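Chain by chain, the residues:
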Amino acid sequence: MKKQFLFLLILLTSPLFAQEPSARRIIKHINTLASDKMQGRGTGSPENAKTARYIEKHFKKYGLKPLGTDGYYQSFTAKVRRVVVPDSLRKAANVIGFLDNEAPYTIVVGAHYDHLGLGRQGSSLDSLPQGKIHNGADDNASGVAGLLELAQYFAKNGVKESYNILFMAFGAEELGLQGSRYFLNNPTLPLDKLNFMVCMDMIGRYNPERGIGIGGYGTSDTWPIVFKGAESSIKFFTDRAGNGGSDNAAFYAKQIPVLFFHTGGHPDYHRPSDDPEKIDANAEEAILKLEIKLLEKAMQQPKMTFTAVK
Ligand SMILES: [Zn+2]
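Per an unreviewed UniProt entry, the chain carries the name M20/M25/M40 family metallo-hydrolase and comes from Spirosoma foliorum.

Structure, rendered in C-alpha cells:
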C-alpha cells in the first residue's frame, strides 16, 4: 500500500503531468489580467502593453521561439473607428511564439488580449461607460489563459508533433479584428504553410445547459473525422460557420480552416461587470483538455483543405 502511494505521489508530481491544463493556473492568469490594476487592457494604454509583456514572459518561459518582427512582438498602429476620439491612432502589437517541431506545416492557436479599457473606445454596452474599468475577465482574459495553458502543454509534453504550432495573442480585436488582419496581411511565416487556426474568445462562462460552442466545423471536410468519437466531461456542440465572432473570421477570409471556442453570451458581456469571480475555471480546464484531444487528433491528419460555408 505504502509503495503504491509513493508511486502515485511521484506520478502526480512528475513533470509529465505538470503541463496539463489546471484550473488553479487558469484562474491565476485571469485574476492578474482582469484585475482593476490592468485598467481593462484598452488598446494603446500602458496596461495593454503590460499585458503583452506578461504573455511574452510566459512564451519565453515555455521556450517558444519569437516569431514577431521585433522578438515576440509584431507592432502595428490600430485605429479607433466606432467613436470619435482625439487619440484615434493607437500603438498595438501581436505577441507571437513558435513551437518549432521541424514540420512542413504549422497550425495557429490564437486569442486576443485587448479589451475595452475605460470604456472610451466604443462598443461598451454600459449606459455610461466612460471612466469605468471594463475588466474583460471572460472577454478575453479567459482566452489568453487558454492560450498560455495550451502553449505550456504542447511545449512541455515531450512530444514532437507532426505540425509546428504558432501561438498568437492578438492586439486590437475589440477595434475590429485589427491584430489578426494585420498578421494575415504581414505574415511572419508563409500563409500557404498554415494548416488551420483555432481561436478562443470567451471560454470562461461555461453554462451546463448550453455547453461550449465550437464553430468552424464546416470549414474543412477533415473536422468531422477529427470530432468523431470525441468525448468530454463537459457538454459541447459544433456549428458549421467559421466566419464570425472573433479573429478566426480573419483567417476564414483567407481560406484557412478554423475552429472557434466560445462559451456564449451573458448579461456582463462588454460591460464593466465582466469580472474574474464569475469565471468557471474548472469548466475551462475541461474545455482545454477537450481542445488538446481535438488538436492531437487533427495533427494526425494530412494538411486540411478549406471549404467555404454557405
Ligand atoms: Zn473578445
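A. Representation of the environment of Pro272 within the structure. Relative to the elements of secondary structure, Pro272 occurs in the loop between strand 9 (258-262) and helix 9 (281-298). Residue Pro272 is classed as buried on the basis of its C-beta count, with 21 C-beta atoms lying within 10 Å. Spatially, the C-alpha atom of Pro272 lies 23 Å from that of Phe261, the residues being 11 residues apart in sequence. Each residue touching Pro272, except ones within four places of it in the same chain, is listed here: Asp126, Lys132, Ile133 and His134.

B. Quick peek at helix 3 (residues 23-33). Taken together, the buried positions of helix 3 are occupied by Ile26, Ile27, His29, Ile30 and Leu33. The buried residues of helix 3 occupy one face: seen down the axis, they fall within an arc of 155°. Tucked inside the fold, the buried residues of helix 3 contact helix 4 (46-61), helix 5 (137-156) and helix 9.

C. Summary view of the UniProt feature "domain: Peptidase M28" (unreviewed entry) in the chain. The positions that UniProt labels "domain: Peptidase M28" (unreviewed entry) are, in the present scheme, residues 94-290. As annotated, residues 94-290 has a helix share of 25% and a strand share of 20%, and its two end C-alpha atoms lie 26 Å apart.

D. Broad picture of the packing of helix 5 against helix 9. Relative orientation of the contacting elements helix 5 and helix 9 amounts to 50°, with a least axis distance of 11 Å. By the angle class used here, helix 5 and helix 9 are oblique. Considering only the axes of helix 5 and helix 9, their crossing is right-handed. Touching Ser142, Gly146, Glu149, Leu150 and Tyr153 of helix 5 are Glu284, Leu288, Glu291 and Ile292, all from helix 9.

E. Inspection of the nonpolar core at higher detail. By size, the foremost hydrophobic cluster in this structure holds 84 residues, and its most contacted members are Val144 and Leu147. In terms of residue count, helix 5 provides more of this core than any other element does, 10 residues in total. Residues contacting Leu147, with those up to four places away along its chain left out, are Val109, Gly110, Ala111, Phe167, Ala169 and Met200.

The rules behind each value
- Residues numbered from 1 in each chain as written.
- Predicted model: local features only at pLDDT ≥ 70, side-chain atom pairs only at ≥ 80, totals over all residues.
- Helix = DSSP H or I, 4+ residues; strand = E, 2+ residues; numbered from the N terminus.
- Buried ≥ 20, exposed ≤ 12 C-beta atoms within 10 Å, placed from the backbone.
- Contact = placed C-beta atoms within 7 Å.
- Arc of directions from axis to C-beta.
- UniProt positions renumbered as here; feature names shortened; annotations may be inferred.
- Axes fitted to C-alpha atoms, helices over the stretch in contact; angles between N-to-C directions.
- Parallel < 35°, antiparallel > 145°, perpendicular 65-115°, else oblique.
- Left-handed = near helix turned anticlockwise from the far one by under 90°.
- Core = buried A, V, L, I, M, F, W, Y, C linked by C-beta atoms within 7 Å.

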